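# Breakdown of the fold
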Amino acid sequence: MLELERSIQDVRNVKSGKIKFGIPPLIGTLFFPEIARKFHEKYPNIMLELVEKGAKLIGELVLSGEVDLAIVVLPVENEQFTILPFFENEFVVYVNAEHPLASRSAVTLPELKNEQFITFTAEFALHDFVIRACQSEGFQPQIAYKSSQWDLIFELIALNLGITILPKAIYAKQTNKNVKIIPFETNQLMWQLGIVTLKDSYQSYALKELLTVIQTEIWSWQKIF
């Protein structure tokens, strides 16, 4: 009975309130503005509070109840989560336009063995992804710079201070003409994202509506990127 009363109260109060949304900064840049716009059109008085942390930390915020939902990098092996597949995109190599590889139509990962890498800092899942991908090909990447800011990473690439491996979707968000992307020839690396909520926890009406908005937009993001 208490659950029913809570649900009724939720529906009555759905025109106001707050949802805490955990998103790694890079993912937030790609998706949060459009999510916020679509949700605001339906529920202008419900605030979406963006909580930005590295993907390796975001899941912990869901478990502790500090955020209501989060976008994480898959796979996530935690039975306490309900996981909704969200987006996938291929990884590509980002290089300076004057880099020797810039004229190539495609490259292989082993060809990057002697390159200087620029990566995200250790709290980001993409940091570990790059290292594991290189190790799977038999070499340890030489990391010259680490940053928590994707735009700074691109500035360093534009100065020809290194290369990086990142999802292709990010290229549309940067405008530096000195940065070029090169796809991989084989063994395509994929970036898979999911939305996680705490399993068996109470979901407010507003949260359910936000999840509905996101689900209806997933196909369009996959098409754009």
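Residues numbered from 1 in each chain as written. Predicted model: local features only at pLDDT ≥ 70, side-chain atom pairs only at ≥ 80, totals over all residues. Heavy atoms only, no water.

### So, the overall build of the protein
Going by this rule: We count a stretch as a helix when DSSP gives it H or I for four or more residues in a row; a strand needs E for two or more, and each element gets its number in order from the N terminus. The cut-offs for exposure are 20% and 50% of the maximum accessible area for each residue type, with area from a 1.4 Å probe on protein chains only; residues under the lower value are buried, those over the upper are exposed, and the others partly exposed. When checking whether two residues touch, look at their non-hydrogen atoms; a contact exists if any pair is within 4.5 Å. The method behind every accessible area is Shrake-Rupley, applied with a 1.4 Å probe, and residues are considered shielded solely by the protein chains displayed. His is not counted, nor are the chain ends; Lys and Arg add positive charge and Asp and Glu add negative charge. Every charge is mapped to an atom, namely NZ of Lys, CZ of Arg, CG of Asp or CD of Glu.
Along its length, the protein carries six helices and nine strands. Over its C-alpha atoms, taken along the principal directions, the protein stretches across nearly 65 × 35 × 25 Å. Residues counted as buried form 46% of the 225 residues belonging to the protein. Taking the intrachain contacts of the protein between residues at least 6 apart in sequence as the baseline, contacts between residues at least 24 apart amount to 80%. Carbon and sulfur atoms form 50% of the exposed surface of the protein, whose accessible area is close to 11700 Å². When the 21 positive and 26 negative side-chain charges of the protein are each reduced to one mean point, those points stand 4 Å apart.

### Brief notes about helix H5 (residues 150–158)
Looking at H5, one finds that the buried residues are Trp150, Ile153, Phe154, Leu156, Ile157 and Ala158. Phi turns positive, to about 60°, at asparagine 160, one or two residues after H5.

### Concerning the pattern of salt bridges
We count it as follows: Whenever Lys or Arg places a side-chain nitrogen within 4 Å of a carboxyl oxygen from Asp or Glu, that contact is recorded as a salt bridge.
Throughout the structure, instances matching the rule amount to eight salt bridges. Residues aspartate 128 and lysine 56 are paired through a salt bridge, measuring 3.0 Å at the closest nitrogen-oxygen approach. Note that aspartate 128 is positioned in helix H4 (residues 125–136) and lysine 56 in helix H3 (residues 55–64), a separation of 72 residues in sequence. By relative accessible area, which is 40% here, lysine 56 ends up partly exposed. One connected set of salt bridges, linked through shared partners, spans Glu34, Arg37 and Glu41.

### Some points on the environment of isoleucine 170
The topology assignment puts isoleucine 170 in the loop between strand S7 (164–167) and strand S8 (179–182). Here the alpha-carbon distance between isoleucine 170 and arginine 104, two residues 66 residues apart in the chain, equals 20 Å. Beyond its immediate sequence surroundings of up to four residues, isoleucine 170 is in contact with Leu26, Leu30, Tyr94, Trp150 and Phe154.

### Here we look at the environment of alanine 36
As for its position among the elements, alanine 36 is in helix H2 (residues 25–42). A sequence separation of 11 residues divides alanine 36 from methionine 47, and the C-alpha atoms of the two residues are 8.9 Å apart.

### Focus: the pairing of strand S9 (residues 190–198)
Using the following cut-off: Note: two strands are recorded as paired if DSSP finds a minimum of 2 bridges between them.
Judged from the four bridges that link them, strand S3 (residues 69–73) and S9 form a sheet pairing that is antiparallel. Looking across to S9, one finds that valine 73 is bridged to leucine 193. Here strand S4 (residues 81–96) runs beside S9; their pairing, made up of nine bridges, is antiparallel. Across the sheet, the residue bridging to phenylalanine 87 is leucine 193, located in S9.

### Some thoughts on H4
We apply this condition: Helix span, expected: 1.5 Å multiplied by one less than the number of residues in the helix.
Taking 1.5 Å of rise per residue, 12 residues should cover 16 Å, and H4 covers 16 Å from first to last C-alpha, within 8% of that figure. Every buried residue of H4 is accounted for by Ala125, Leu126, His127, Phe129, Val130, Ile131, Ala133 and Cys134.

### Concerning the packing of aromatic side chains
Keep this limit in mind: Aromatic rings from Phe, Tyr and Trp, taking only the six-membered ring of Trp, are treated as a pair when their centres fall within 6.5 Å; an angle between ring planes under 30 degrees marks them as stacked, one over 60 as edge-to-face, and anything in between as tilted.
The tally for this structure, following the rule as stated, stands at 10 aromatic pairs. For the ring pair phenylalanine 120 and phenylalanine 124, a centre distance of 5.0 Å and an interplane angle of 35° mean the geometry is tilted. With respect to burial, phenylalanine 120 and phenylalanine 124 carry one shared label: buried. Each residue in the set Phe31, Phe86, Phe87 and Trp191 is aromatic and connected to the rest through ring pairs, giving one cluster.

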